[in-house]
Amino acid sequence: MASIRLDKLLADRTPHSRSEVKQLLRRGAVQVDGICEKDGTRHIDPDAVTVTCEGRPLASGAHVCCIVNKPQGYICATEDKRHPVVTSLVPEALRVRGLFPAGRLDSDSTGMVFLTDDGDLAHRMLSPRHHVPKFYLIGLARPWEDSYAEQLAAGMTLADGTVCLPAEAMPLPVEGQYALICLREGRYHQVKRMLAALGNHVSSLHRVGIGGLILPPDLPSGGCLEVLHNDVETLLKCQSIGVVSGLIVTNFSSYLINAGR
Ligand code: URA
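Keep in mind that what you see is a predicted model, and the values were worked out from it rather than measured. (Residues numbered from 1 in each chain as written. Predicted model: local features only at pLDDT ≥ 70, side-chain atom pairs only at ≥ 80, totals over all residues. Heavy atoms only, no water.)

1. Some remarks on the pairing of strand S13 (residues 202–210)
Part 1 of the argument: A large share of S13 lies buried, amounting to eight of its nine residues.
Part 2 of the argument: Relative to S13, strand S10 (residues 134–140) is paired through seven bridges, and the arrangement is antiparallel. Each residue of the ladder has a partner; that of Gly139, found in S13, is Ser204.
Part 3 of the argument: Here two bridges tie S13 to strand S14 (residues 213–214), and the two strands are oriented antiparallel to one another. Counted as the bridge partner of Ile210 is Leu213 from S14.
Part 4 of the argument: In this antiparallel pair of consecutive strands, S13 and S14, the connection spans two residues, and Gly211 shows a positive phi of 60°. (Buried < 20%, exposed > 50% of the residue type's maximum accessible area, 1.4 Å probe, protein only. Helix = DSSP H or I, 4+ residues; strand = E, 2+ residues; numbered from the N terminus. Pairing = 2+ DSSP bridges.)

2. Here we look at the domain arrangement of the protein
Part 1 of the argument: Domain annotation of the protein identifies domain 1 (4–57) and domain 2 (65–258).
Part 2 of the argument: Domain 1 and domain 2 are separated by 38 Å when their C-alpha centres are compared.
Part 3 of the argument: Taken together, the two surfaces of domain 1 and domain 2 that pack against each other cover about 460 Å², and 50% of this comes from carbon and sulfur.
Part 4 of the argument: Where domain 1 packs against domain 2, one counts one salt bridge.
Part 5 of the argument: The salt bridge partner of Glu92 is Arg56, with a shortest N-O separation of 3.0 Å.
Part 6 of the argument: Our count for the contact surface shared by domain 1 and domain 2 stands at one residue pair in polar contact (both at pLDDT 80 or more).
Part 7 of the argument: Classifying every residue of the side of domain 1 that touches domain 2 gives two nonpolar, three polar and two charged. (Domains from an automatic or database assignment. Buried area = accessible area lost by both parts, 1.4 Å probe. Salt bridge = Lys/Arg side-chain N within 4 Å of Asp/Glu carboxyl O. Polar contact = N/O pair within 3.5 Å; in protein donor to acceptor, adjacent residues only side chain to side chain. Nonpolar A, V, L, I, M, F, W, Y, C, P; charged D, E, K, R; others polar.)

3. Quick look at a positive patch on the surface
Part 1 of the argument: Together, Arg18, Lys22, Arg26 and Arg97 give the surface a local cluster of positive charge.
Part 2 of the argument: Note that Lys22 resides in helix H2 (residues 18–27).
Part 3 of the argument: Look at Lys22 and you get exposed, because its relative accessible area is 54%. (Patch = residues over 30% accessible without salt bridge, like charges linked within 9 Å, V, L, I, M, F, W, Y side chains within 5 Å. Areas by Shrake-Rupley, 256 points an atom, 1.4 Å probe, with all protein chains shown as cover. Lys, Arg positive; Asp, Glu negative; His and termini not counted. Charge placed at Lys NZ, Arg CZ, Asp CG, Glu CD.)

4. A word on the layout of surface pockets
Part 1 of the argument: Approximately 520 Å³ is the volume found for the largest pocket.
Part 2 of the argument: Lining the largest pocket are 29 residues, with Arg104, Leu105, Tyr136, Gly186 and Arg187 sitting closest to its centre.
Part 3 of the argument: Looking at the lining of the largest pocket, the elements that each hand over two or more residues are helix H3 (119–126), S10, helix H5 (190–197) and S13.
Part 4 of the argument: Reported here for the second largest pocket is a volume of approximately 220 Å³.
Part 5 of the argument: Around the second largest pocket sit Pro15, Thr78, Glu79, Val85, Thr87, Ser88, Arg95, Val96, Arg97, Gly98 and Leu99, which together line it.
Part 6 of the argument: Within the lining of the second largest pocket, the residues separate by chemical class into four nonpolar, four polar and three charged. (1 Å grid on protein atoms, 1.4 Å probe; cavity = no way out; pocket = protein on both sides within 12 Å on 5 of 7 lines; lining within 4 Å. Points joined across faces, edges and corners; volume = space filled by probe spheres on them.)

5. Examining the packing of helix H1 (residues 6–13) against H2
Part 1 of the argument: Running from amino to carboxyl end, H1 crosses H2 at an angle of 120°, the nearest separation of the two axes being 9 Å. Judged by the inter-axis angle, H1 sits oblique to H2. Once H1 is placed against H2, the crossing between them reads as right-handed. Here H1 contributes Leu6, Asp7, Lys8, Leu10 and Ala11 to the contact with H2, which in turn contributes Arg18, Val21 and Leu25.
Part 2 of the argument: Residues that form the contact of H1 with H2 fall into these classes: five nonpolar, no polar and three charged. (Axes fitted to C-alpha atoms, helices over the stretch in contact; angles between N-to-C directions. Parallel < 35°, antiparallel > 145°, perpendicular 65-115°, else oblique. Left-handed = near helix turned anticlockwise from the far one by under 90°. Contact = heavy atoms within 4.5 Å.)

6. Let's talk about empty space enclosed by the protein
Part 1 of the argument: Per the counting criterion, the structure on display carries one cavity of 30 Å³ or more.
Part 2 of the argument: Surrounding the largest cavity, Leu137, Tyr178, Ser204, Leu205, His206, Leu256, Ala259 and Arg261 form its lining.
Part 3 of the argument: The dominant element in the lining of the largest cavity, judged by the number of residues it contributes, is S13, at three residues.

7. Structural notes on the site of the ligand
Part 1 of the argument: Every residue close to the ligand is listed here: Leu105, Asp106, Ser109, Tyr136, His189, Gln190, Val191, Lys192 and Leu205.
Part 2 of the argument: Side-chain polar atom of Asp106 to a nitrogen atom of the ligand: 2.7 Å apart, as the coordinates give it.
Part 3 of the argument: The protein chains hide 95% of the 240 Å² of surface that the ligand would expose on its own.
Part 4 of the argument: Of the pockets mapped on this structure, the ligand occupies the largest pocket. (Near = heavy atom within 4 Å. Sits in = over half its atoms within 2 Å of the grid points.)

8. Here we look at the packing of aromatic side chains
Part 1 of the argument: Applying the stated criterion across every chain yields a total of two aromatic pairs.
Part 2 of the argument: Aromatic side chains Trp144 and Tyr148 sit 4.9 Å apart centroid to centroid with 80° between the ring planes, which places their arrangement in the edge-to-face category. Exposure class is identical for Trp144 and Tyr148. Each is buried.
Part 3 of the argument: Ring geometry for Tyr178 against Phe252: centres 5.0 Å apart, planes inclined by 70°, an arrangement best described as edge-to-face. Note that Tyr178 is positioned in strand S12 (residues 178–183) and Phe252 in helix H8 (residues 252–258), a separation of 74 residues in sequence.
Part 4 of the argument: Judged by relative accessible area, Phe252 falls into the buried class, the value being 10%. (Phe/Tyr/Trp six-rings, centres within 6.5 Å; stacked < 30°, edge-to-face > 60°.)

Spelled out as structure tokens, the structure:
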């Protein structure tokens, strides 16, 4: 890699802002090859030297991708004055500058949120053109009715006249009133509004998969996992609702516990 100013490298590969980086340099918290460096204007080749900040090595130059199992009450944002944000669930070593949640879950929803600092990847995931499927395990206030799957597959019209893309859904053979629904778009409160239009009510919503990537059943509520390169490819693929429902049914009690319910 070409040489780059030390202060820029630190701002790119740590969670610190430019002004925080200045202070860290001044405080002597930065070392290059084990020697304290206070000059942020120095040009270095990050592939040729080892830089640490407050004793920790910098994140690698590659983009960071991770998933968190969002607990209730957290919001999908990078900062908020009143609520905790999902980025705070990411361990500091992965919390690079520019990391943001690619897609949203409501504050009272739980489950899989994908975070990355790779804007192109997030765009591919979120762009309506790519129709990346998202799977939701939903708890219902009233029993599932046979007509729901057909109505959802035909493209629901919501109370405000919005016409949705066709969605797949099926009830789950488990104790209680649970179903799995797969959407290929992400409108505001979409699952809740679709079920309301069917005359039901969503009492809990846990996202269990995005594309071909399924939330590990044993990832605790609030837990975070780095997604490695091969799995990023999986993210943009599709998984069939039958395969996802089999996984959910097999691991149902783990999913409920790790949804914090
Ligand atoms: N649909 C909803 O209604 N809420 C979510 O959090 C996600 C999808």
